[in-house]
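# Residue-level structural notes
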Amino acid sequence: MQNILVSLNEATRTVNSGSNKVTLLDNINFNVEEGEFISLMGPSGSGKSTLLNCIGMLDNFTGGGYTFLGEPVHSMKEKNRSKLYKEYIGFVFQAYHLIDELTVYENIETPLLYKNVKSSERKAMVADMLDRFNIVGKKDLFPIQLSGGQQQLVGIARALIGQPKLILADEPTGNLNSKQSEEIMELFAQLNKEGVTIIQATHSESNAAYGSRIINLLDGKIV
Amino acid sequence: MFKNYIKIALRNLWKNRTFTVLNVVGLTAAFGVAILLAMYAVFQLSFDRFHEHGDALYMVYSEDSTPNGVEANISKSEPFAAALKDEVAGVEKITRYVSTGVLLSQEDKQFGMSTAYVDPDFFNMFSFPIIKGDKTNPIASESSVVMTELATKRIFGDEEPIGQTVSILRDEQQVPFTVTAIVKDSPNTSSMGFDIVLNFKSQNEHAYARTIGRWDMENHEVYMQLAESVQPKQFEKSTTDFTQLHYKNEIDNAKRDGFQPNTDGLYRQLKLLPLADVRFANFNQGPVTVSRTMPYLVLGISTLILFIACVNFINMSIAKSAQRLREIGMRKTLGANKKQLFFQFWGESILVFLISIGLGILLAVFLLPYFQTLFKTQASLATLLNPSLLLVLILSVLLITLIAGGYPALLMSRLGTLQSLKGKLDVNGKNHLRNSLMVLQFGIAILLISGTLVLWDQVEFMRTKDLGFNKDQVIAFPLNGQLNDQQAIELLRNTLQDKPNIVSVTASNNILGLGKDGSRSTSVLGFEHQGRGVETHMVVVDADYIETLDLNIIEGRSFRKNLASDSLSVIINEAMAKQLNEDDILASQIDLDDAVYSVVGVIKDFNFQELDQNIAPMTLFALPNWNLRNAYVKVSSQNLEQAYTDVKAAWNTIEPNAEFQGSFLNENIDRTLRHERTMITMIGSGSILAIILSCIGLFAMSLLIVAQRKKEIGVRKIVGASVSAITILLTKDFLKLVVIAFLIASPIAWWAMHNWLQNYAYRIELNIWMFLGAGGIAVVIAMLTIAVKTIKAATSNPVESLRTE
Ligand SMILES: Nc1ncnc2c1ncn2[C@@H]1O[C@H](COP(=O)(O)OP(=O)(O)O)[C@@H](O)[C@H]1O
Ligand SMILES: [Mg+2]
């Protein structure tokens, strides 16, 4: 039996918008096993990003239980949570969110800096990653000098550099053309084969098809 | 990690170069000026603090009850010092002290030397180390002279000075003195400046021999070293018997005349003034007050300027942080914690501060020579190089960077991850801070500007006030040559008599204003009149004094041309007449110990002292063969320069070896205002810098606001807003801040200036225009600053501004 990576039990998120209480996520129940590739689907506004952010610990559920690798995230202190998150989770965004002032090389290197990886080790790891994504020649360029697809490659490389167990990708191909999208999805499939667990949010049926399982959301509920 | 921070910091600074430059320029100017001002203040405060026994050294003065209330008296009599040491416990060492100028000759060369006449204990009390010669008691003999290194160099060059003989002009004779020791040049923070030191008893007849054993002739200062076990207050108390014994007459008379006793109920009390306080003490207005307001004010200005520059930095950092939200959010998702983010942003601030401080130090070094000339100070950056002071400086720089750089860094590091990733920033709260800081900035600027305006008004008032004598046409100079004063005046009269541009020549033992030689003296005379004690300033004059100075006689007559026939006549001023309180003032006489003098005339009061004092009673004497000290020459009003040259030439032929130190009386008056002028220049340049810095901040804010509201401006224009409507929209928020600043600062400025003006007996009335003027200046400058950017934004093509969105 595979290890359970993420386990959501009646996970809920509500916010107060003015005097109204708005439920963004409504009693979500599902488990993610190690090695899965899950596609979250649903129309715009259905809560995909919210769910990814909560799983990624950028945001919190306001109710229910969330267990990550057997540890209860919902009752954890901020500090431990960020340790867990630094160790195991990598993020890929629709808008890439690279740091404009840093080169490709430096962008990829940054997570290692926050993990206090030694300089020599860092060099080797970043070099590996550049090699693997075929962007060695672009390592000294700044993000604005790259195409969207290339920027997303860097974004993924950066998410992977910390060797996370789980990659959360929020519409990673939303800003890309279909050819670029295909390349990125191929890359995800490849990574998944190598053992990385992936949860992606998408509206595209064809992208969703790369996944091993599809979860449909509507108005914050699994349908 | 560190490298990464530096890298990103530099790139960020480069990317926002406009703001970086504005910040660095502002902070550099502020640090540069703050360093200079702090240096000046520290220099002033460190005066006379180099003496090893400094904490135990005091000037002895007394609080005397006089007709004008309690007055501080620092002059002591010949027997005083020795008697005090003998009769009161606690006097470790004591010395009398007179500072004056003498004419010293060596072979055929002559030198004007500033001289200290002291008792032998002097060198054991004060730290003026002897580097050569008799180190134990160099002025034991009355024919010994001690010289500074510098004076030795001037007189002897490289020759061996010890044992050499020089002669000093005394009572019209050349008296030989032997050089017994060389003393190190005194540090430039010494109030006691001298070229040579002589035994107190080596003074001329008039100053010393005549006064031996006389308790009523007070003509020098006394300094003492207090025994370690004794507290100054305790010592002051223990002198009561001494005072009762030696000043019995004075005390009885004061009681009889109903004078006001001092706060301890005593009519005469000895007091100790710590040496370091002497320079900051005011002896002219009642009991001694010690005030270090000036150096602290200067320190205050430097702090305010730094504050203004830091406010700019804080405001710009916070405003710019909106543009870095994504970076902040991203770093957080990549695993950065608050601490790491804080240190990153703080590090960037430190970088800016380090650059600015470095440049500021360079700026200070560059400006130093100008600063020294402008403020006539010897303060140098070395003043700040003392370990404890450096520590304070470094700590304050750290504190400034911690607050100015740390506060924005803290705000940024605290932002929520998702919120910042989305690029949303809740700015409402921060605008309050920004607005309050800007109000404070402009408030400070307005405070300083109005201070400058009021100060300037007061100084102009004092400079141009009719003082009651002719200050425009009269040249005064010290009789600093070899001839005795009467001979010198006689020769001067003869030489100048036929010159058409010379009106008259006279002399007196006092100087009006402050002469080029910087020396002044006053003599106050106390005597009994109709059974009451009265006091008057005593001025001894030569013929034509009243005519030369254009003083107005309101009763009686002036002195006769033949002055000898008036040797028992006096002319008094109105204040003195009032004090004598006679029905027929011209029939009255004043009875001094040596003779009875008749009042022959009354002159209108004129300001023979500075304008911080009311006109005191004064009596003019025409005593023969008196020590007259200063010549006064009235010249015709055409071509004053030529007249000055003529007088100078005449003096040079009469005294070829003496320097001509003449100046017009209005220059002398100007010289007395030096302190005020220094203050004006300091506060004035402070206020200019303050307003420039505030405007740099304002300019930066207007840049940011215009950038942020670009789209809004475009839309408004498309729906028909006019250029002026948009300019007003963008400008009014800032102008509101300046107006609030004005409303807050003006009453404070009013209060401060009102208090300051109380120092002057003659002062201007504060009026609302000085403050409105300061506020107006601030508003206009602020408006011009914002106008540059806002009008450009308001006139730009709206389509363009929308397209770039
Ligand atoms: N902090 C919030 N406060 C109120 N409503 C929110 C907040 N965050 C998200 N929402 C709303 O929740 C819904 C789900 O948003 P999101 O998760 O971004 O959907 P998706 O990514 O599926 O398009 C949207 O209607 C959005 O407006
Ligand atoms: Mg979404």
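Everything below is about the structure shown above.
In what follows, the accompanying structure is described. Treat the numbers as computed from the prediction; the structure is a model and nothing was measured.

### Describing empty space enclosed by the protein
Inspection of the entire model under this criterion finds four cavities of 30 Å³ or more. Considering only enclosed or pocket space, the largest cavity measures out at about 300 Å³ in volume. Around the largest cavity, the lining is made up of 20 residues, and of these Leu-13, Ser-317, Lys-320, Arg-324 and Glu-348 of chain B lie nearest the centre. Going through the elements one at a time, helix 1 (2-15), helix 2 (17-45), helix 10 (293-321), helix 12 (338-374) and helix 13 (387-414) of chain B are the ones with two or more residues in the lining of the largest cavity. Its residues placed into classes, the lining of the largest cavity shows nine nonpolar, eight polar and three charged. Roughly 150 Å³ of internal volume is contained in the second largest cavity. Lining the second largest cavity we find 16 residues, and of these Ile-89, Gly-90 and Pro-111 of chain A together with Thr-333 and Leu-334 of chain B sit closest to its centre. Looking at the lining of the second largest cavity, the elements that each hand over two or more residues are helix 2 (78-88), strand 6 (89-92) and helix 5 (148-161) of chain A together with helix 11 (325-333) of chain B. Classifying every residue of the lining of the second largest cavity by side-chain character gives nine nonpolar, four polar and three charged.

### Topic: the sheet that holds strand 9 (residues 213-218) of chain A
Residue and element names in this part refer to chain A. The mixed open sheet is built from six strands, whose spatial order is 6-7-8-3-9-10. The sheet is open, and its two borders are formed by strand 6 and strand 10 (221-222), each paired with just one other strand. Pairing analysis gives five bridges linking strand 3 (residues 37-41) to strand 8 (residues 197-202), with the strands arranged parallel. Residue pairing for strand 8: Ile-38 is matched across the bridge by Ile-199. Those strands touched by helix 5 are strand 6 and strand 7 (166-170), and its axis lies near 170 degrees from that of strand 6. Contacting strand 3, strand 6, strand 7 and strand 8, helix 6 (residues 178-193) runs over the sheet at an angle of about 155 degrees to strand 8.

### Quick notes on the sheet that holds strand 5 (residues 71-72) of chain A
Residue and element names in this part refer to chain A. An order of 2-1-4-5 is seen for the four strands of this open sheet, with the pairing classed as antiparallel. If you trace the sheet from one side to the other, it starts and ends with strand 2 (20-33) and strand 5, each paired once. In this sheet, strand 4 (residues 63-68) lies alongside strand 1 (residues 4-17) in antiparallel orientation, the contact comprising five bridges. When the bridges of strand 4 are listed, Asn-9 appears paired with Gly-65. Sitting on the sheet, helix 1 (residues 48-55) touches strand 1, strand 2 and strand 4, and the angle it makes with strand 2 is about 60 degrees.

Each value, and the rule that gives it
- Residues numbered from 1 in each chain as written.
- Chains lettered and ligands numbered in written order.
- Predicted model: local features only at pLDDT ≥ 70, side-chain atom pairs only at ≥ 80, totals over all residues.
- Heavy atoms only, no water.
- 1 Å grid on protein atoms, 1.4 Å probe; cavity = no way out; pocket = protein on both sides within 12 Å on 5 of 7 lines; lining within 4 Å.
- Points joined across faces, edges and corners; volume = space filled by probe spheres on them.
- Helix = DSSP H or I, 4+ residues; strand = E, 2+ residues; numbered from the N terminus.
- Nonpolar A, V, L, I, M, F, W, Y, C, P; charged D, E, K, R; others polar.
- Pairing = 2+ DSSP bridges.
- Contact = heavy atoms within 4.5 Å.
- Axes fitted to C-alpha atoms, helices over the stretch in contact; angles between N-to-C directions.

Functional significance is not addressed by these values, which are geometric in nature.
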